[in-house]
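# Observations on the three-dimensional arrangement
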Amino acid sequence: MNKLIFLALSFALVMPALAADFPKGSPKFEHSYRGALSDAKKSGKPVVLIFSAAWCPPCQSMKKDVYPSAEVKEFHDKFVWAYLDVDDNSTGAAAKKFKVQGIPHIEFLNSAGESLDQQVGGNDAASFAKRLAGVLAKAAK
């Protein structure tokens, strides 16, 4: 029983620390909704607003395999990227605004903060890159 408690505590302490690290080649992430909107207004770029959690396997898979992928890399500089942890109280208002119920939940916003598209659930790099291209086309209109 003591081993099980130790493992559970170890997992609870280590997992958030591991989840906070982004793989090499990841986009530069903002960690606040307001910060992302401010950057978008200044730059005129659309926003990729990612609601995620350390305990969410599809979220961590996207973080590890999709965002730093070669397919998605060409879009890194075309968007403002924000990675928001749903377990962080400061994310609550944004999660409520976008009606986040499942994660990963990704909102694609124009530079004024208006929703252009959304995705709930994970997918592969090629599919995500295709979605990003579609969002850029919408943002340009």
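Just so it is clear, the structure is predicted and the values come from calculations on it, not from any experiment. (Residues numbered from 1 in each chain as written. Predicted model: local features only at pLDDT ≥ 70, side-chain atom pairs only at ≥ 80, totals over all residues. Heavy atoms only, no water.)

## Observations regarding the pattern of salt bridges
Scanning the model with the defined rule gives one salt bridge in all. Across the salt bridge formed by aspartate 117 and arginine 131, the nearest N and O atoms sit 3.4 Å from each other. Here aspartate 117, found in strand 5 (residues 115-120), pairs with arginine 131, found in helix 6 (residues 125-140); they are 14 residues apart in sequence, far enough to count as distant. With relative accessibility at 28%, the residue arginine 131 sits in the partly exposed group. (Salt bridge = Lys/Arg side-chain N within 4 Å of Asp/Glu carboxyl O. Helix = DSSP H or I, 4+ residues; strand = E, 2+ residues; numbered from the N terminus. Buried < 20%, exposed > 50% of the residue type's maximum accessible area, 1.4 Å probe, protein only.)

## Remarks on the nonpolar core
One broad trend across soluble globular proteins is that nonpolar side chains are buried collectively. Judged by nonpolar contacts, the single largest core of 19 residues is most densely connected at Tyr33, Val47, Leu49, Phe51, Phe98, Ile103 and Leu109. Listed by contribution, the elements that provide at least two residues to this core are helix 2 (33-43), strand 2 (47-52), strand 3 (80-85) and helix 5 (92-97). Considering each element in turn, this core owes the most residues, four residues, to helix 2. Sequence-distant contacts of leucine 109, defined by excluding residues within four places in its chain, comprise Tyr33, Leu37, Pro46, Val47, Leu49, Phe98, Glu114, Ser115 and Leu116. Counting 17 residues, the second-largest nonpolar core is a separate cluster that includes Phe79, Trp81, Phe128 and Val135. (Core = buried A, V, L, I, M, F, W, Y, C linked by side-chain atoms within 4.5 Å. Contact = heavy atoms within 4.5 Å.)

## Quick notes on the confidence of the model for the protein chain
Averaged over the protein chain, the pLDDT score is 89; the fraction of residues at 70 or greater is 86%. Taken together, the stretch residues 6-19 has pLDDT below 50 and engages in seven contacts with residues farther than four places along the chain or on a different chain. (pLDDT = per-residue confidence, 0-100.)

## With respect to the pairing of strand 5
In the sheet, strand 4 (residues 105-109) pairs with strand 5 via five bridges, with the strands oriented antiparallel. When the bridges of strand 5 are listed, leucine 109 appears paired with serine 115. As consecutive antiparallel partners, strand 4 and strand 5 are separated by five residues, and within that stretch glycine 113 has a phi angle of approximately 90 degrees, a positive value. (Pairing = 2+ DSSP bridges.)

## Some details on helix 6
If you check helix 6, its first and last C-alpha atoms are 23 Å apart, about what 16 residues at 1.5 Å a residue would give, namely 22 Å. Within helix 6, the full set of buried residues consists of Ala125, Phe128, Ala129, Leu132 and Val135. Down the axis of helix 6, the sector holding all buried residues measures 120 degrees, keeping them to one side. Contact partners of the buried residues in helix 6: strand 2, helix 3 (57-66), helix 4 (70-73), strand 3, strand 4 and strand 5. (Expected span 1.5 Å × (residues − 1). Arc of directions from axis to C-beta.)

## Topic: the packing of aromatic side chains
Per the stated rule, a full pass over the model turns up twelve aromatic pairs. Judged by centre distance (5.0 Å) and plane angle (90 degrees), the ring pair of phenylalanine 22 and tyrosine 83 falls under edge-to-face. Remark: tyrosine 83 occurs in strand 3 and phenylalanine 22 occurs in the loop between helix 1 (2-20) and strand 1 (29-30); sequence separation between them is 61 residues. Ring pairs connect the aromatic residues Phe22, Phe29, Tyr67, Phe79, Trp81, Tyr83, Phe108 and Phe128, which therefore count as one cluster. Cation over ring: lysine 63 sits above phenylalanine 22, and NZ or CZ is 4.5 Å from the ring centre. (Phe/Tyr/Trp six-rings, centres within 6.5 Å; stacked < 30°, edge-to-face > 60°. Lys NZ or Arg CZ within 6 Å of the ring centre and 35° of its normal.)

## Brief notes about the environment of phenylalanine 128
Structurally, phenylalanine 128 can be placed in helix 6. On the basis of relative accessible area, phenylalanine 128 is assigned to the buried category, the value being 0%. Each C-alpha atom, one on phenylalanine 128 and one on glutamate 71, is 8.4 Å from the other, the two residues being 57 residues apart in sequence. If sequence neighbours within four positions are ignored, phenylalanine 128 has contacts with Val48, Met62, Val66, Tyr67, Val72, Trp81, Ile106, Phe108, Gln119 and Asn123.

## Notes on the pairing of strand 4
With five of its five residues buried, strand 4 lies for the most part within the structure. Neither face of strand 4 is exposed, since His105, Glu107 and Leu109 on one face and Ile106 and Phe108 on the opposite face are all buried.

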